[in-house]
Amino acid sequence: MPAIHKPVPRQYRVVHGHRWAFRMAGKGPAILLIHGIGDSSDTWGELIPELARHHTVIAPDLLGHGSSDKPRGDYSVPAYANGMRDLLSVLDIDRVTLVGHSLGGGVAMQFAYQFPDRTERLALVSTGGVGRGVTPALRLASLPGAQLALATLRLPTVRTQTAMVIRLLQLLHTGLGVDAPDLLRVVDALPDAASRDAFIRTLRAVVDWRGQVVSMLDRCYLTAGMPTLLVWGSRDQVVPALHAKVAHAAMPGSRLEIFQGSGHFPFHTDPQRFLAVLENFIATTEPVSQSAEEWRERLRSERC
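Attention here is on the structure that accompanies the text.

Rules used throughout
Residues numbered from 1 in each chain as written. Predicted model: local features only at pLDDT ≥ 70, side-chain atom pairs only at ≥ 80, totals over all residues. Heavy atoms only, no water. Pairing = 2+ DSSP bridges. Helix = DSSP H or I, 4+ residues; strand = E, 2+ residues; numbered from the N terminus. Buried < 20%, exposed > 50% of the residue type's maximum accessible area, 1.4 Å probe, protein only. Arc of directions from axis to C-beta. Contact = heavy atoms within 4.5 Å. Axes fitted to C-alpha atoms, helices over the stretch in contact; angles between N-to-C directions. Parallel < 35°, antiparallel > 145°, perpendicular 65-115°, else oblique. Left-handed = near helix turned anticlockwise from the far one by under 90°. Salt bridge = Lys/Arg side-chain N within 4 Å of Asp/Glu carboxyl O.

**A closer look at the pairing of strand E1 (residues 10-15)**
Moving on, step 1. In terms of strand pairing, E1 meets strand E2 (residues 18-25) through 6 bridges, oriented antiparallel. Residue pairing across strands places Val14 opposite Arg19, the latter belonging to E2.
Moving on, step 2. In textbook terms, the turn of a hairpin is the stretch between consecutive antiparallel strands, and for E1 and E2 this stretch comprises 2 residues, one of which, His16, has a positive phi near 55°.

Shown next, in the form of structure tokens:
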């Protein structure tokens, strides 16, 4: 395990009239850590101080999540990518290595697509946007009435029953049992109606009852020449590990790391290995610098 550090405190900036919360630490080339749906910068808590030894690390709470504002607004993936660009601009950071988990992986890919001149590398962890497959729990949460169901999960009696089910899943060594504590933590991070409404709006932008509705595969050829790392847990039941091989085949020159026995949060299950893999990826690749002409040529090239 990495050394236990004092948590990096949140800071706040107002962008477009909304207060964004973020954590920022270290000096050096910038790394942007983007969390998944319903989560917050807390998820990177143990990793930020380690990465900050050699990098400037920025870990925001996406709008609608954590301690950031939760307006009735646009929670689409492109909107989040725009928000990342604007927050980085406010912080005087021009270029970053992107590290995105789950929904955050989709945001990272969208950022790299929209702002290639600001993207140095791309690290995707159990990312969305590869295929339709996703856990039935998220499909159900996209249906009408989901906000009431989420509120019910916080009732003391239901919370106790849920904890018992989670314990049973763990004792049976199921894949979902690996991720269940983190998934319950996400539910616990939705304490009020505004948080739950933002969660549902975000979810419905990327998932419906049939599965994921956003795909990056039609633009995968654009990652040619961009250092790309894919990390997945072999027992991921939220976004199936099969998607890792699909993404790896679709993204020219990408690296793939499968964490055996890990679920949807491999950086929680094995943080030391995750840090080693990420730091090695950064140390052994050169930050890409794409000109407008190179971008035009890629757009004109034959797709993968």
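Back to the text.
**Comments concerning helix H9 (residues 242-250)**
Moving on, step 1. Among the residues of H9, His243, Ala244, Ala247 and Ala250 are the ones counted as buried. Projected onto a plane normal to the axis of H9, the buried residues spread over an arc of 135° and lie on a single side. Of the residues in H9, the exposed ones pointing more than 90 degrees away from the buried face are Leu242, Lys245 and Ala249.
Moving on, step 2. Residues of H9 that are buried sit in contact with strand E8 (211-212), strand E9 (228-233) and strand E10 (255-259).

**Regarding the sheet that holds strand E5 (residues 96-101)**
Moving on, step 1. Within the open sheet, the 8 strands sit side by side as E1-E2-E4-E3-E5-E6-E9-E10. Their pairing is mixed. Among the strands making up the open sheet, the edge pair consists of E1 and E10. Here the average twist between neighbouring strands, direction ignored, is 20°.
Moving on, step 2. Relative to E9, strand E6 (residues 119-125) is paired through 4 bridges, and the arrangement is parallel. Among the inter-strand pairings, Leu122 is bridged to a residue of E9, identified as Thr228.
Moving on, step 3. Lying over the sheet, helix H3 (residues 103-114) contacts strand E3 (30-34), E5 and E6, oriented at roughly 145° with respect to E5.
Moving on, step 4. Here helix H11 (residues 271-283) sits on the sheet in contact with E3, E5, E6, E9 and E10, set at roughly 175° to E10.

**Quick notes on the packing of helix H2 (residues 77-90) against H3**
Moving on, step 1. The N-to-C vectors of H2 and H3 enclose an angle of 70°; their axes lie 8 Å apart at closest approach. Classified by the interaxial angle, the pair formed by H2 and H3 is roughly perpendicular. Taken as a pair, H2 and H3 cross one another with a handedness that is right-handed. Where H2 approaches H3, its residues Val77, Pro78, Tyr80, Ala81, Asn82, Met84, Arg85 and Leu88 are matched on the opposing element by Leu103, Gly106, Val107, Gln110, Phe111 and Gln114.

**Remarks on the pattern of salt bridges**
Moving on, step 1. What the rule picks out here adds up to 10 salt bridges.
Moving on, step 2. The partner of Arg10 in a salt bridge is Asp61, and the shortest N-O contact between them spans 2.8 Å. With a gap of 51 residues between them, Arg10 in strand E1 and Asp61 in strand E4 (residues 56-61) connect regions that are remote in the sequence.
Moving on, step 3. Residue classification places Asp61 among the buried positions, given a relative accessible area of 0%.

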